[in-house]
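# Structure assessment
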Amino acid sequence: MNIILIGMNHRTAPVEIRERLSVNCDDNDNPLTGIMEIPQVREGMFLSTCNRVEALANVEDIHSAAENIKSVILSRGNLSSEELEKCLYIYHGDEAVRHIFRVTSSIDSMVMGEPQILGQVKDAYRWCTEHNSSGVILNRLLHHAFMVAKRVRTETDIAGNAVSVSFAAVELAKKIFGALHGKTVLLVGAGEMSELAAKHLISSGVSGIIVANRTYSRAVRLADDFHGTPIGFDLLEEKLHKVDIVISSTDAHGYIIKKEAVAGALHRRENRLMFLIDIAVPRDIDPDVGMIDNVYLYNIDNLREIVDENLNGRMKEAKKAEAIIDDEVLKFSDWQRTLEVVPTIVSLQEKVKKIVEGELKKSSSWMKNLNKEEKENIGILISSVTNKILHYPMTGLKDETRNNGAAPYVAVVRKIFRLDED
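I will try to describe carefully the structure that is included in this document.

## With respect to the pattern of salt bridges
The tally for this structure, following the rule as stated, stands at 26 salt bridges. Residue Arg42 is joined to Glu60 by a salt bridge in which the shortest nitrogen-to-oxygen separation is 3.6 Å. Highlighted residues: Arg42 in strand S2 (residues 41-48) and Glu60 in the loop between strand S3 (52-59) and helix H3 (62-77), separated in sequence by 18 residues. The class for Arg42 is partly exposed, based on a relative accessible area of 43%.

## A few points about the packing of helix H5 (residues 94-104) against helix H14 (residues 315-338)
In the contact formed by H5 and H14, the axes pass within 10 Å of each other and the chain directions differ by 135°. In terms of their interaxial angle, H5 and H14 are classed as oblique. In this structure, H5 meets H14 at a crossing whose hand is right-handed. Along the contact surface, H5 presents Asp94, Val97, Arg98, Phe101 and Arg102, while H14 presents Glu322, Ile325, Asp326, Glu328, Val329, Phe332 and Ser333. A breakdown of the residues in the contact of H5 with H14 according to their chemical character gives five nonpolar, one polar and six charged.

## A short note on the packing of helix H7 (residues 136-155) against H14
Packing of H7 against H14 brings their axes to within 10 Å, and their N-to-C directions diverge by 155°. Judged on the interaxial angle alone, H14 and H7 are roughly antiparallel. When the axes of H7 and H14 are compared, the crossing they make is right-handed. On H14, the residues touching Val136, Ile137, Arg140, Leu141, His144, Met147, Val148, Arg151, Val152 and Glu155 of H7 are Ala321, Ile324, Ile325, Asp327, Glu328, Lys331, Phe332 and Trp335.

## With respect to the sheet that holds strand S9 (residues 274-278)
Taken in spatial order, the six strands of this open sheet run S7-S6-S5-S8-S9-S10, and their pairing is parallel. The open sheet has two free edges, formed respectively by strand S7 (229-232) and strand S10 (295-299), since each of these has just one partner strand. Between one strand axis and the next, the sheet turns by 15° as a mean value, whatever way the strands run. Relative to strand S6 (residues 208-213), strand S5 (residues 184-188) is paired through five bridges, and the arrangement is parallel. Residue pairing in the sheet places Leu186 in a bridge with Ile210 of S6. The strands touched by helix H8 (residues 165-177) within the sheet are strand S8 (245-248), S9 and S10, with S9 carrying the most contacts at an inclination of about 160°.

## Here we look at the packing of aromatic side chains
How two aromatic rings sit relative to each other is set out by the distance from centre to centre and by the angle between their planes. Tallying each qualifying case throughout the model produces five aromatic pairs. For the ring pair Phe332 and Trp335, a centre distance of 5.4 Å and an interplane angle of 45° mean the geometry is tilted. You can see Phe332 and its partner Trp335 sitting in helix H14, three residues apart, about one turn around the helix. In this structure Phe332 comes out as buried when scored by relative accessible area, which is 1%. In textbook terms, an aromatic cluster arises when at least three aromatic residues are bridged by ring pairs, as seen for Phe177, Phe275 and Tyr298. Between Lys122 and the ring centre of Phe146, over which it is positioned, the NZ or CZ distance is 5.5 Å.

## Brief notes about the environment of Gly160
As for its position among the elements, Gly160 is in the loop between H7 and H8. Taking the relative accessible area as the measure of exposure, Gly160 reaches 45% and is therefore partly exposed. Sequence-wise, Gly160 and Glu54 are 106 residues apart; in three dimensions their C-alpha atoms are separated by 27 Å.

## Points about the sheet that holds strand S1 (residues 2-9)
Across the sheet, four strands lie side by side as S2-S3-S1-S4; this open sheet has antiparallel pairing. Each edge of the sheet is formed by a strand with only one pairing partner; in this case those strands are S2 and strand S4 (89-92). On average, each strand axis in the sheet is inclined to that of its neighbour by 15°, with strand direction left out of account. Note: S1 against S4, four bridges, orientation antiparallel. Across the sheet, the residue bridging to Gly7 is Tyr89, located in S4. Running at roughly 30° to S1, H3 makes contact with S1, S2, S3 and S4 of the sheet. Running over the sheet, helix H6 (residues 116-130) touches S2 and S3 and is turned about 140° from S2.

## Regarding unusual backbone geometry
Of note, the bond from Val281 into Pro282 is cis; its omega dihedral lies within 30 degrees of zero at 0°. By secondary structure assignment, the location of Pro282 is in the loop between S9 and S10. Its identity is not glycine, yet His227 carries a phi of approximately 55°, on the positive side. Tracing the backbone through its elements, the reader meets His227 in the loop between helix H10 (216-225) and S7. Notably, Glu270 is not glycine yet its phi reads approximately 60°, a positive angle. Secondary-structure assignment places Glu270 in the loop between helix H12 (259-268) and S9.

## What to know about the state of the cysteines
Counted under the stated rule, the structure contains zero disulfides. Free of any disulfide, Cys87 has its nearest neighbouring cysteine sulfur in Cys50, separated by 17 Å. Accessibility expressed as a relative area gives 5% for Cys87, which makes it buried.

The rules behind each value
Residues numbered from 1 in each chain as written. Predicted model: local features only at pLDDT ≥ 70, side-chain atom pairs only at ≥ 80, totals over all residues. Heavy atoms only, no water. Salt bridge = Lys/Arg side-chain N within 4 Å of Asp/Glu carboxyl O. Helix = DSSP H or I, 4+ residues; strand = E, 2+ residues; numbered from the N terminus. Buried < 20%, exposed > 50% of the residue type's maximum accessible area, 1.4 Å probe, protein only. Axes fitted to C-alpha atoms, helices over the stretch in contact; angles between N-to-C directions. Parallel < 35°, antiparallel > 145°, perpendicular 65-115°, else oblique. Left-handed = near helix turned anticlockwise from the far one by under 90°. Contact = heavy atoms within 4.5 Å. Nonpolar A, V, L, I, M, F, W, Y, C, P; charged D, E, K, R; others polar. Pairing = 2+ DSSP bridges. Phe/Tyr/Trp six-rings, centres within 6.5 Å; stacked < 30°, edge-to-face > 60°. Lys NZ or Arg CZ within 6 Å of the ring centre and 35° of its normal. Disulfide = S-S within 2.5 Å.

Laid out in structure tokens, this is it:
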């Protein structure tokens, strides 16, 4: 029983690498399908967000499983082995447990304390439970991780000063324009990121918001909330010249805003400056757009500097969170080690049960003369005696697991009680 985590995040891999591995949780082409076909993998989960791509698994052999999981990731992203090795981190055992606790608690996020990651981990876990790729170990681990995240939010103020990616995008726009009063903004996508961006933009004084979404009804809903104008994707290029700022965050695969469209919009604007922020992974805006004069293009990795400026205020709370996580890693490790003795405890209980049943069968000739209450009392007495006899061997085995020394005791119990005999 070995827990392993292999992945990359915003610190180890640029967006152009992460986007090649990005996948929706409900995607039929989820890499988890290939991972679960690896012989050494017993359970697995695949997490994909804007800032990270991670495979979590319970495996039989760490080395073989790690190499095979890396092969699946390589083929998925059409990456070279050199590209992959530069970006990947691999954790196993307690370090893998600690990492998933840190991720779920948002300690490892670009925006420390942001709430979205917990929902994203839950979505990934829901996908793997629906596809029967989780079992005893990952079920326990993920539920423990959700409890840790709740404890971190309850016992610290880690989310108190969190700066969202959307807020950072708006702050960057202010640095480019000086002020946003009188500016018109195009939001491409009507999800949570766009909604957060719209709130910050309104408070910063923009004069108008246009919302474009593939599903027009969702564009209407978001536009109504902020007194904006909804449009369909078919009008995206036509309206591009009317906006000063574009913030794009969709789950599309492939560029939806291309260099030719932006060049044409800039010409119609008589070369007035345009500012575009692509916070989608995979990216929505063709990177070549940034080569056009008077056009500023930034992606999600470019927002890190702004986010880091607000980091100092959260470091004290982060230390509290790390202490909580260390405590919970020990608890999970204790539970995991007790699994080493569970089969022996179960075998011991079954052995005693068979002995009791055998002796009762031998005594059936004289017990048939007893009434129902007397038979029940004998059963209660036998159960009480056997439970007391078994109590110390079972608790002793569990206690020894905490000191990593259960193996010799397990061997002795199995030998003296002859648990391995038919």
